[in-house]
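A closer look at the structure
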Amino acid sequence: MSDTKLFFLVTLLLSFAVCASYSLSSYAVTYYNYGEFHFLYRELFAAILGIFIMWGLSYFNVDKYLLTFGLIILSISLFIIIILPFLPDSYATSAGGAKRWLRLPKFSLAPLEFFKIGYIIFVAWSFSRKFKRQDKLSFAEQLYIVIPHLFVFLLIAIIISTLQNDLGQIILLALVLITMLMCAGGRFSLFTIALGIFSILGTILIVISPHRIKRVREWWVNIESIIHSYSPNFTLLGDVADVGGQVQNATYAFYHGGIFGSGLGESVVKLGYLGEVHTDMVLAGISEEAGLLGIVVCTFIFLAMLFRIFKIAFRLRLNFYYLFCVGVVSLLGFSFIINCFGETGIIPIKGMAVPFLSYGGSSLIASCIAIGLVLSLSRKVVMK
């Protein structure tokens, strides 16, 4: 029997997402002249489909088909990512200066969301073959194992940065790869080398992109303005005009919500002050309407979900399955952290969805596929 507690926790998060999509999308509905329940119906359909996918995949034969399934997803999604820039606008939707969605009848598909699932399966399989929990390899032997993965990641980073123009997803995949490497048995020295390489790569991608430099400048000026408000003698090095309005309005949403929130449907920032409030900035919207209490509840449920996956991972005997679960935890957990830190101004803001909570069918379905595979693995262990 699969882990029913994990299934229930994810379903609960999806329920919150459906409510948030309806409550926080009122301005978008008016601006784009959609029907009142446009976002509600679409998110509800995606949530129900995601629940059925999780239930169906919980019976998936991972022993025979997990690797094949992962390679198929990886290959198809990578192919779509490569051909998207060459498709006409009627078949590809643009965002952030790049074509990121494949437009199909009645819905759009973001191939990068599914690519991440295939990549995790591939890395888990590869590391499980090279690393053994009981073996202690020398630094040179481990470096020999990791170098091909770094070259593969570099190729992926080039594809994503040039064709998708999405540094946030590159950072996310780098964090997932490093976490899986350490859990596979990699030495700490390998961790520092990989972190150094990824940091240099990230810095280069920021420096060569004007809009990324602008985001960093907005973030830094916002940090300076906060310090200046507490210490008037602090000298501002940046221009106040560069302060990021998104972060300021998100901060206001957190403040205005207080402990118990302003009430469902009573958000102020969603009225055009905070763009993408039902998608990438959903935590700020939930905080304003449900308050600190609502954010704490959502975070607690999210952490409980990650804990259940970790619990399954450490009870699995095969290293392949263990590393896959670790990859899923890393993918979901770091996505949540990056989004949360961006909305609160701790790091430069990134357009990254909150798993299960942000509006968006591709992210939701991809996350449900990952959870469904974890549920199928949970059938191999005794859960309490």
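Residues numbered from 1 in each chain as written. Predicted model: local features only at pLDDT ≥ 70, side-chain atom pairs only at ≥ 80, totals over all residues. Heavy atoms only, no water.

Basically, it comes down to this: UniProt positions are given in the numbering used here, feature names are shortened, and annotations may be inferred rather than shown by experiment.
By the naming in an unreviewed UniProt entry, the chain is Probable peptidoglycan glycosyltransferase FtsW, taken from Helicobacter saguini. The UniProt entry for the chain carries this comment under Sequence similarities (unreviewed entry): "Belongs to the SEDS family. FtsW subfamily." Under Subcellular location (unreviewed entry), UniProt gives the following word-for-word description of the chain: "Membrane".

1. Digging into helix H6 (residues 139-164)
Convention followed: By the criteria applied, helices consist of DSSP H or I runs no shorter than four residues and strands consist of E runs no shorter than two, each listed in order from the N terminus. By this rule the span expected of a helix is its residue count minus one, scaled by 1.5 Å. Take the seven residues that end at a residue and the seven that start at it, fit an axis to each, and the angle between those axes is the bend at that residue. Three exposure classes are used, based on accessible area relative to the maximum for each residue type with a 1.4 Å probe and protein chains only: buried under 20%, partly exposed in between, and exposed over 50%.
For H6, which comprises 26 residues, the first-to-last C-alpha distance of 35 Å matches the rise-based estimate of 38 Å (1.5 Å per residue) to within 8%. Helix geometry: H6 is bent most strongly at valine 146, by close to 30°, with proline proline 148 lying one to four residues after it. Listing the buried residues of H6 in full gives Gln142, Ile145, Val146, His149, Leu150, Phe153, Ile156, Ala157, Ile159, Ile160, Ser161 and Gln164.

2. Regarding empty space enclosed by the protein
Stated formally: Only protein atoms enter the 1 Å grid, on which a cavity is a set of points fitting a 1.4 Å probe that cannot get out and a pocket is an open set with protein on both sides within 12 Å along at least 5 of 7 lines, lining residues being those with an atom within 4 Å of a point. Grid points are joined across faces, edges and corners, and a volume is the space filled by probe spheres set on the points. Under the convention adopted here, Pro, Cys and the residues Ala, Val, Leu, Ile, Met, Phe, Trp and Tyr are nonpolar, Asp, Glu, Lys and Arg are charged, and Gly plus all remaining residues are polar.
All chains considered together, the criterion is met by three cavities of 30 Å³ or more. Approximately 110 Å³ is the volume found for the largest cavity. In terms of lining residues, the largest cavity is bounded by 13 residues, among which Glu113, Lys116, Ser335, Ser363 and Ser367 are the most central. Of all the elements in the fold, those that place two or more residues in the lining of the largest cavity are helix H5 (111-130), helix H12 (319-343) and helix H13 (361-378). Per-class residue counts for the lining of the largest cavity are seven nonpolar, four polar and two charged. Taken as a whole, the second largest cavity holds about 40 Å³ of empty space. What lines the second largest cavity is Phe127, Val146, His149, Leu150, Leu177, Ile178, Leu181 and Ala194. For the lining of the second largest cavity, the secondary structure elements donating two or more residues are H6 and helix H7 (167-184). Broken down by class, the residue content of the lining of the second largest cavity amounts to seven nonpolar, one polar and no charged.

3. Quick notes on the packing of aromatic side chains
Definition in use: Note on aromatic contacts: the rings of Phe and Tyr and the six-membered ring of Trp form a pair at centre separations within 6.5 Å, being stacked when their planes are under 30 degrees apart, edge-to-face when over 60 apart, and tilted otherwise.
Applying the stated criterion to the full structure yields 17 aromatic pairs. Taking the centre distance of 5.6 Å and the plane angle of 90° together, the rings of phenylalanine 127 and phenylalanine 131 count as edge-to-face. Using a relative accessible area of 2% as the deciding quantity, one classes phenylalanine 131 as buried. Centre to centre, the rings of phenylalanine 153 and phenylalanine 198 are 4.6 Å apart; their planes meet at 55°, and the pair counts as tilted. Separated by 45 residues along the polypeptide, phenylalanine 153 in helix H6 and phenylalanine 198 in helix H8 (residues 188-207) bring together distant segments of the chain. Phenylalanine 198 carries the same exposure label as phenylalanine 153, and that label is buried. Here the aromatic residues Tyr32, Tyr34, Phe39 and Tyr359 are joined through ring pairs into a cluster of three or more.

4. Section: a nonpolar patch on the surface
Inclusion rule: Residues enter patches when they are more than 30% accessible in relative terms and free of salt bridges; like-charged ones are connected within 9 Å and nonpolar ones (Val, Leu, Ile, Met, Phe, Trp, Tyr) within 5 Å. Residue exposure ignores everything except the shown protein chains as possible cover, and the areas themselves are Shrake-Rupley values with a 1.4 Å probe. We define a salt bridge as a side-chain nitrogen of Lys or Arg found within 4 Å of a carboxyl oxygen belonging to Asp or Glu.
A cluster of nonpolar side chains, contributed by Tyr27, Tyr31, Tyr32, Tyr34, Tyr252, Tyr255, Val268, Leu271 and Tyr273, occupies part of the molecular surface with about 1000 Å² of accessible area. Listing elements by their share of the nonpolar patch, those giving two or more residues are helix H2 (26-31) and helix H10 (245-257). Tracing the backbone through its elements, the reader meets tyrosine 31 in helix H2. Judged by its relative accessible area of 55%, tyrosine 31 is exposed.

5. Topic: unusual backbone geometry
In this structure, asparagine 33 is a non-glycine residue whose phi angle is positive, near 60°. On the basis of relative accessibility, which here comes to 69%, the residue asparagine 33 falls in the exposed class. Not every positive phi belongs to a glycine, and asparagine 165 is a case in point at roughly 50°. Summarising the element assignment, asparagine 165 is placed in the loop between H6 and H7. Judged by its relative accessible area of 17%, asparagine 165 is buried.

6. Structural notes on the sheet that holds strand E3 (residues 107-109)
To keep it simple, the criterion reads: By this definition, two strands are paired if DSSP reports at least two bridges between them. As a rule, the C-alpha atoms of each element are fitted with a line to give its axis, helices using only the stretch in contact, and angles between N-to-C directions run from 0 to 180 degrees.
Here we have three strands laid out as an open sheet, ordered E1-E2-E3, and antiparallel in their pairing. The open sheet has two edge strands with one neighbour each: strand E1 (92-95) and E3. On average, each strand axis in the sheet is tilted by 40° relative to the strand beside it, whichever way the strands run. Across three bridges, strand E2 (residues 98-104) lies against E3 in antiparallel orientation. Directly across from leucine 102, in E3, lies its bridge partner leucine 109.

7. Here's the deal with the nonpolar core
Rules: Grouping buried Ala, Val, Leu, Ile, Met, Phe, Trp, Tyr and Cys residues that are joined through side-chain atoms within 4.5 Å yields what is termed a nonpolar core. Here, two residues are considered to be in contact whenever any of their heavy atoms come within 4.5 Å of each other.
Phe153, Met305, Ile309, Phe356 and Ile371 are the most contacted members of the largest nonpolar core, which has 105 residues in total. Ignoring anything within four residues of it in the chain, the contact list for methionine 305 reads Leu6, Leu9, Val10, Leu13, Leu332, Phe356 and Ile371.

8. Here's the deal with the layout of surface pockets
One number sums up the size of the second largest pocket: a volume of about 560 Å³. Contributing elements (two or more residues each) for the lining of the second largest pocket: H7, H8 and helix H9 (210-230). Class assignment for the residues of the lining of the second largest pocket results in 15 nonpolar, three polar and three charged.

9. With respect to the pairing of E2
Two faces, one strand: in a regular strand the side chains alternate between the faces of the sheet. In terms of strand pairing, E1 meets E2 through four bridges, oriented antiparallel. Bridge pairing in E2 places serine 94 opposite lysine 99. Hairpin geometry of E2 and E3 is characterised by an intervening segment of two residues between the two adjacent antiparallel strands and by a positive phi of about 75° at lysine 106.

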